[in-house]
There are 2 protein chains.
Amino acid sequence: MNIFSRKTIVLGICAGVIATASWADSHSAEKLNPAVAARHAQMQMIGYNIGILGAVAKGEMEYDAAMVASAAANLQALAKLDGATLWVAGTEQGATAGSRAKPEIWSDSAGFAAKFDDLAMASAALIGAADAAAVGAGMGDLGGTCKACHESYRGPKN
Amino acid sequence: MNIFSRKTIVLGICAGVIATASWADSHSAEKLNPAVAARHAQMQMIGYNIGILGAVAKGEMEYDAAMVASAAANLQALAKLDGATLWVAGTEQGATAGSRAKPEIWSDSAGFAAKFDDLAMASAALIGAADAAAVGAGMGDLGGTCKACHESYRGPKN
């Protein structure tokens, strides 16, 4: 972990008030399969960091280079997590509570992995974003990778 | 994300039945600050991957090189996440619900970052672990890094 600057910490307060309900809050009653819970934690962290970049792009959070770089780098790292421990067999939608994972995740594992690669690349492109406009310019690609993966590999709401 | 082998997926079923209650399950009622929720998601994922390595070490899960490498690599990546977006000011224990973050995280940010570096190194050392005994041999160092950080930077239960 990088040591974070005081400036970043102060600006970071903004991140704390972004009104993104965490996944954990909204899916609290179920006892989840640990792999499913870990995937949800990964998605929660992805959503959190995208929320920061989105807030900067919209002008809801002041642009700060360190904060933007942190969010983008964390997104890249989260996208590059190894799937072996996360997308374990038998945890598709319908087989276990809370899962929206389509069977195609396993039957087309190469295609699925490519979607995470796309997210990693779109995230990396934002690491050097020099101002809010640059963040905004990269948000389309970033959001597109989320959408593309969800359309192909995520089932309907439970 | 690496493409995962069929063998890994099949063995991965074991990971799905490890009886590790997720953090999300046990702290469900509160509406958390998003930064706090993201930290909890990080810790949940760390705990999940350590649980896999621990199960292998104890013989509760069959040793599989890809699964062990995945868990260890993911631990390293999770430990290396940039703290700027996670440990935001104003989210210490007492200031916001669910937080156990001691003020020392901010007053001694270099020391705190070093603890994550220790976790990353102990995790990396397990990536090549060649059998269950080797995993077990590395678990002491790994667990020690958790304990050392929690003792210094985590407050009592809320």
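Structure shown above.
A brief report on the enclosed structure follows. (Residues numbered from 1 in each chain as written. Chains lettered and ligands numbered in written order. Predicted model: local features only at pLDDT ≥ 70, side-chain atom pairs only at ≥ 80, totals over all residues. Heavy atoms only, no water.)

**Let's talk about the overall build of chain A**
Here is step 1: Of regular secondary structure, chain A possesses 7 helices and 0 strands.
Here is step 2: Reading chain A from its N end, one meets helices and strands in the order α-α-α-α-α-α-α.
Here is step 3: Across the 158 residues in chain A, those meeting the buried criterion constitute 51%.
Here is step 4: Total accessible area on chain A stands at roughly 6600 Å², and carbon and sulfur atoms take up 58% of it. (Helix = DSSP H or I, 4+ residues; strand = E, 2+ residues; numbered from the N terminus. Buried < 20%, exposed > 50% of the residue type's maximum accessible area, 1.4 Å probe, protein only. Areas by Shrake-Rupley, 256 points an atom, 1.4 Å probe, with all protein chains shown as cover.)

**Re the state of the cysteines**
Here is step 1: For the structure shown, the criterion picks out 0 disulfides over all chains.
Here is step 2: Here C149 of chain A is not cross-linked by a disulfide; its sulfur's nearest cysteine counterpart is in C146 of chain A, at 8.5 Å. (Disulfide = S-S within 2.5 Å.)

**Comments concerning helix α7 (residues 132-153) of chain B**
Residues and elements named next belong to chain B.
Here is step 1: Spanning 22 residues, α7 covers 31 Å between terminal C-alpha atoms, matching the ideal 32 Å at 1.5 Å per step.
Here is step 2: Its axis deflected by about 35 degrees at M139, α7 carries its strongest bend there.
Here is step 3: Residues of α7 that are buried: V135, G138, M139, L142, T145, C149 and Y153.
Here is step 4: Residues of α7 that are buried sit in contact with α3 (34-57), α4 (65-79), α5 (104-107) and α6 (109-124). (Expected span 1.5 Å × (residues − 1). Bend = angle between axes of the 7 residues up to and from the residue. Contact = heavy atoms within 4.5 Å.)

**Some details on the environment of A66 of chain B**
Here is step 1: Along the polypeptide, A66 of chain B turns up in helix α4.
Here is step 2: Spatially, the C-alpha atoms of A66 of chain B and I127 of chain B are 9.1 Å apart, while their sequence positions differ by 61 residues.

**Notes on the packing of helix α4 (residues 65-79) of chain A against helix α6 (residues 109-124) of chain A**
Residues and elements named next belong to chain A.
Here is step 1: The interhelical angle for the contact between α4 and α6, taken along N-to-C directions, is 165 degrees, at an axis separation of 8 Å. It follows from the interaxial angle that α4 and α6 lie roughly antiparallel. Between α4 and α6 lies a crossing of left-handed hand. Two secondary-structure elements touch here, α4 through A72, L75, Q76 and A79 and α6 through F116, L119, A120, S123 and A124.
Here is step 2: Across the contact of α4 with α6, the residue classes break down as 7 nonpolar, 2 polar and no charged. (Axes fitted to C-alpha atoms, helices over the stretch in contact; angles between N-to-C directions. Parallel < 35°, antiparallel > 145°, perpendicular 65-115°, else oblique. Left-handed = near helix turned anticlockwise from the far one by under 90°. Nonpolar A, V, L, I, M, F, W, Y, C, P; charged D, E, K, R; others polar.)

**A few points about the packing of aromatic side chains**
Here is step 1: The full count for this structure, using the stated rule, is 8 aromatic pairs over all chains.
Here is step 2: Judged by centre distance (4.9 Å) and plane angle (85 degrees), the ring pair of W87 of chain A and F112 of chain A falls under edge-to-face. With a gap of 25 residues between them, W87 of chain A in the loop between α4 and α5 (104-107) and F112 of chain A in helix α6 connect regions that are remote in the sequence. Side by side, W87 of chain A and F112 of chain A carry an identical accessibility label, which is buried.
Here is step 3: Ring geometry for W87 of chain B versus F116 of chain B: centroids 6.3 Å apart, planes at 55 degrees, classification tilted. In this pair, W87 of chain B sits in the loop between α4 and α5 while F116 of chain B sits in helix α6, placing the two residues 29 residues apart along the sequence.
Here is step 4: Here the aromatic cluster, defined as three or more aromatic residues joined through ring pairs, consists of W87, F112, F116 and Y153 of chain A. (Phe/Tyr/Trp six-rings, centres within 6.5 Å; stacked < 30°, edge-to-face > 60°.)

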